[in-house]
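Chain by chain, the residues run as shown.
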Amino acid sequence: NKIQFILNKDAVLNNNLKANKILTRSQFENFIKESEKTFIKEKIILLLSYKHRSKEEIIQRLKKKFHLDNIIQIVSEMEELGYIDDKRFAREYAKHLIKVKMLGKRAVYSKFFTHKISKEVLDPLIEQLYNIHPPDETILAILTKRKYHENLHVKARHKIIRHLKQKGFLWD
């Protein structure tokens, strides 16, 4: 029986591993674990180089390839170092959803569901952003962009209402 695994070159160098060196089972397991942790760190840095990500998003992406206990340990370390910050992620993502995507509160909360950001963090942040970008102004911008005007027939009005509901706006 042969076992296949991937080793990180830094882990090989740090452990002074050489050809034909015999390892105990515990040395081998520690070596593999250290190598995996290095791969996890590199993958997290790569993911964060593209955009801010939530802790939950990173864990979900990595648990397909790595052991969950190693992921949680590395994610915690990177949180302490400030690389992973759910508050910063929430602020940037909510700003994008409200300002660029022009979504209503319902849709914004829905988008955050998979990220498992606490309501204590999310509620004041969303309120603050909607004070800066009021829903009325956002709806007006959507209507202007779609070239809707007041003198539309009933079918067109219903289409507008459906579109605004899909964008997460509540109908008063």
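None of these values were measured; they are calculated from a predicted model.

Calculation rules
Residues numbered from 1 in each chain as written. Predicted model: local features only at pLDDT ≥ 70, side-chain atom pairs only at ≥ 80, totals over all residues. Heavy atoms only, no water. Helix = DSSP H or I, 4+ residues; strand = E, 2+ residues; numbered from the N terminus. Expected span 1.5 Å × (residues − 1). Buried < 20%, exposed > 50% of the residue type's maximum accessible area, 1.4 Å probe, protein only. Arc of directions from axis to C-beta. Axes fitted to C-alpha atoms, helices over the stretch in contact; angles between N-to-C directions. Left-handed = near helix turned anticlockwise from the far one by under 90°. Contact = heavy atoms within 4.5 Å. Nonpolar A, V, L, I, M, F, W, Y, C, P; charged D, E, K, R; others polar. Phe/Tyr/Trp six-rings, centres within 6.5 Å; stacked < 30°, edge-to-face > 60°.

Draft legend 1. Helix H9 (residues 154–166), seen in detail. Under the 1.5 Å per step criterion, the end-to-end length of H9 is 18 Å for 13 residues, consistent within 8% with the ideal 18 Å. All buried positions along H9 are accounted for by Ala156, Ile160, His163 and Leu164. For H9, the angular spread of the buried residues around the axis is 95°, confining them to a single face. Of the exposed residues in H9, the ones pointing more than 90 degrees away from its buried face are Val154, Lys155 and Gln166.

Draft legend 2. Up close: the environment of leucine 81. Tracing the backbone shows leucine 81 in the loop between helix H4 (68–80) and helix H5 (86–100). Separated by 29 residues in sequence, leucine 81 and serine 110 have C-alpha atoms that sit 29 Å apart.

Draft legend 3. Structural detail: the packing of H5 against helix H7 (residues 119–132). One can describe the packing of H5 onto H7 by two numbers: an axis separation of 10 Å at closest approach and a directional angle of 35°. The element H5 and its partner H7 pack so that their crossing is right-handed. In this structure, H5 uses Lys87, Ala90, Arg91, Ala94, Lys95 and Ile98 to contact H7, whose residues at the interface are Val121, Leu122, Leu125, Leu129 and Tyr130. Counted by class, the contact of H5 with H7 contains eight nonpolar, no polar and three charged residues.

Draft legend 4. A look at unusual backbone geometry. In this structure, methionine 102 is a non-glycine residue whose phi angle is positive, near 55°. As for its placement among the helices and strands, methionine 102 is situated in the loop between H5 and helix H6 (105–112). Phi at lysine 116 is positive, roughly 55°, even though this residue is not glycine.

Draft legend 5. Fine view of the packing of aromatic side chains. Counted by the stated rule, this structure contains three aromatic pairs. Ring centres of phenylalanine 89 and tyrosine 93 lie 5.3 Å apart, and the angle between their planes is 20°; on these two criteria the pair is classed as stacked. Pair noted here: phenylalanine 89 and tyrosine 93 are both in helix H5, with a separation of four residues, about one helical turn. Taking relative accessible area as the criterion, tyrosine 93 reaches 21% and is therefore assigned partly exposed. Between tyrosine 93 and phenylalanine 112, the aromatic rings sit 5.2 Å apart at their centres with planes inclined by 75°, giving edge-to-face as the arrangement. Taken together, the positions of tyrosine 93 in helix H5 and phenylalanine 112 in helix H6 put the pair 19 residues apart, joining distant regions of the chain. Here the aromatic residues Phe89, Tyr93 and Phe112 are joined through ring pairs into a cluster of three or more.

Draft legend 6. Up close: H6. Within H6 the residues assigned to the buried category are Ala107, Val108 and Phe112. Looking down the long axis of H6, one finds its buried residues gathered within 140° of arc, a one-sided arrangement. Tucked inside the fold, the buried residues of H6 contact H5 and H7.

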